[in-house]
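Observations on chain architecture
As a plain string of letters, each chain reads:
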Amino acid sequence: RLVEAGYTTGHYPSSILCSTVGGWVAARGAGQCSGRYGKIEDMVTSLEFVLGTGEVVRAESRCHGPELVPLLIGSEGTLGIITRVGLRLHAAPRERAFSAHSFETMDAGLLALRELFQAGHRPAVARLYDPLDSVLLASDDTHQKTARGPKHSGLKAAALRAVLRVPALAARALAVAEQSLVSRVALVLVHEGDDATLHAAAARADALCAARGGTPLGEGPARAWYHHRYHVSYRQAPVFRSGCFSDTMEVSAPWSRLREVYHAVRRALGAHALVMAHSSHSYPDGGSIYFTFAGTAHGGNSTLEVYDQAWRVALSAALDAGASLSHHHGIGRSKAPRLPEELGAALGVVRALKGAWDPDGILNPGALLPARSPGETRSAPAVDSAPTLDRESALCRLPGSLTLAAAEAWLSQQGHTLGIEADALASRCDLSVNDWIAEGLVGLRTRYADPVGVRLSGFTARLRNGRRITLPAAPRRAVGPDLSALFAGAGGDFGSIESATLGAPPAAAHAPPLSAFSRSEPALNDGELAALARLRRALEA
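Below or above, wherever it landed, is the structure these notes cover. Computed from a prediction, not measured in an experiment: that's the story for all the values here. (Residues numbered from 1 in each chain as written. Predicted model: local features only at pLDDT ≥ 70, side-chain atom pairs only at ≥ 80, totals over all residues. Heavy atoms only, no water.)

1. What to know about the environment of V265
Basically, it comes down to this: By definition, any uninterrupted DSSP run of H or I lasting at least four residues is a helix, any uninterrupted run of E lasting at least two residues is a strand, and each is numbered from the N terminus. A contact between two residues is defined here by any heavy atoms of the two lying within 4.5 Å.
Take V265: it is sitting in helix α11 (residues 255-270). Placed 56 residues apart in sequence, V265 and A321 show a C-alpha to C-alpha distance of 8.6 Å. Beyond its immediate stretch of four places on either side in the chain, V265 contacts M249, F291, A314, A317 and A318.

2. Let's talk about the sheet that holds strand β16 (residues 468-471)
Our working definition: Whether two strands pair comes down to DSSP finding at least two bridges between them. For helices, the fitted axis covers only the stretch in contact; all axes are lines through C-alpha atoms, and the angles between them, taken along N-to-C directions, range from 0 to 180 degrees.
If you walk across this open sheet you meet the five strands as β13-β14-β17-β15-β16, and the pairing is antiparallel. In this open sheet, the two edge strands, each paired with only one partner strand, are β13 (388-390) and β16. Each neighbouring strand pair of the sheet contributes to a mean axis angle of 15°, computed without reference to strand direction. Of the strand pairs in this sheet, β13 and strand β14 (residues 395-399) are connected by three bridges, and their pairing is antiparallel. When the bridges of β14 are listed, L389 appears paired with C396.

3. Comments concerning the nonpolar core
The tendency in soluble globular proteins is for nonpolar side chains to be buried side by side. What counts, and what does not: Joining through side-chain atoms within 4.5 Å is the link that ties buried Ala, Val, Leu, Ile, Met, Phe, Trp, Tyr and Cys residues into a set, and such a set is a nonpolar core. For every residue, the accessible area (1.4 Å probe, protein chains only) is compared with the maximum for its type, and the residue is labelled buried under 20%, exposed over 50%, or partly exposed between those bounds.
Core analysis: the biggest nonpolar cluster contains 125 residues, and W357 and L502 have the highest contact counts within it. Apart from residues lying up to four places away in sequence, L502 is in contact with A394, L395, C396, L398, L418, V433, W436, L441, R455 and L456.

4. A word on helix α4 (residues 106-118)
Selection criterion: The span you would expect from a helix comes to 1.5 Å times its residue count less one.
In a regular helix each residue adds 1.5 Å, so 13 residues correspond to 18 Å; α4 covers 18 Å between its end C-alpha atoms and thus fits that length. Across the 13 residues that make up α4, a large majority, ten, are buried. For α4, every residue scored as buried is listed here: M106, G109, L110, A112, L113, R114, E115, L116, F117 and Q118. At the C-terminal side of α4, G120 shows a positive phi close to 105°.

5. So, the sheet that holds strand β3 (residues 56-60)
Taken in spatial order, the three strands make up an open sheet running β3-β2-β4, and their pairing is antiparallel. Where the open sheet ends on each side, the last strands, each with one partner, are β3 and β4 (80-87). Neighbour-to-neighbour, the strand axes of the sheet open up by a mean angle of 20°, direction not taken into account. When strand β2 (residues 44-51) meets β4, the two strands line up antiparallel, connected through seven bridges. Following the sheet pairing, S46 is matched in β4 by G86. Most of the contacts of helix α18 (residues 526-540) go to β3, to which it runs at about 100°, and overall it touches β2 and β3.

Shown next as structure tokens:
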């Protein structure tokens, strides 16, 4: 209906044929065009929701002031029932530019992706497929109906089970095959828009890929991907009918850790299942790796035992390599037991949210929040007071006490910047990083101007009750409510930032704004004030 009226939200998840708007928000979902429009949290302008107490709250999204919206997005139905959503709209694109490139290795392709987004490019779609996934991309015939009989299907199922019973051998055979594949790794790019700069931007992105060793594959693979982009979910059914399992796991990590995450998870999973992967979403600070794996009973273990073990080792490998548990699928029940490993004491804040807004625990019990663990009762350790720069991820970690002037001067010596507008920086140069965050990071581009840009990626904070919490840096994580909303724009009501990990792009980088869009910063309404007061009391207990 939006496209018919000339508009789009830009949100096209693979599940669009069966998912709902409320589900996108509750799960902190991502669409296939996140490279231009961001994730769902970058699109929401307002939410109406019903708390566990029965109160109806309408919350507005604010660029600089206090807001409840980030705390509801990704809460997976545990804090409130989402009944109405306001979304930012864009003009529906009139044109698209398609291109594809092959790279010798996954690492080389990830490097090209990193440089694309850090240089300010914003392709709507940027998907990098590893060797096995690239072969499937090139030979995708899932749209074709088959007329083959049951005998053929039975032989195919038996062959699949035979391969999956020896995953380690299959992994070694795959490694050998990868060395001889013509198109070893495939990068698909789709640019879209309606102005004269579209094709020039696509040409610059293609030139960067060529400069990084990419071999042009023409438009064909990208157009084929676009045509079949919703077919992926239907590949699993034949695997299930064969008596095997198939599943997916997506995680995110900064660029400095993403390559190791890819290799570590693939090694761990390869002992239990056949694995393929692709990078599905990219940002200036990092991206998401999406693993698909299939297996069956082997080594005296049932299919279910193999499946559970595959998940255990995959999550352990991802966490050990520095990944977040989820980028857009959320936590649910299956990942909940591992959440304390990522959030630590910050998990107690999520529990306080639950107690404040759903005191009787009636909303989606069992989801998101695991059984209590010792780790979440301990305060996070103190952090180093010296600033640090992760050049590869274009992230800096700054002490909360450092002034903006000192922070910008230090970054300038490294060839990087916070990206604060000159006028805003001049008027706030004596503000500390903590005070600047408390007022809402004024001077940075808002999520409306550049939905893909990086603002506050991680932090260590001290709550008003004295407890420290840490949220490790990760691009667009989906591990429950966005707790940075308790500090960014909150005026210090909930605590103070001791150390902040912020976007620090190269000084020469420039991303053109998506469009001229602004909205007023409405005052807090009575429902928002009451919900915030209840949360404040819960956190001070």
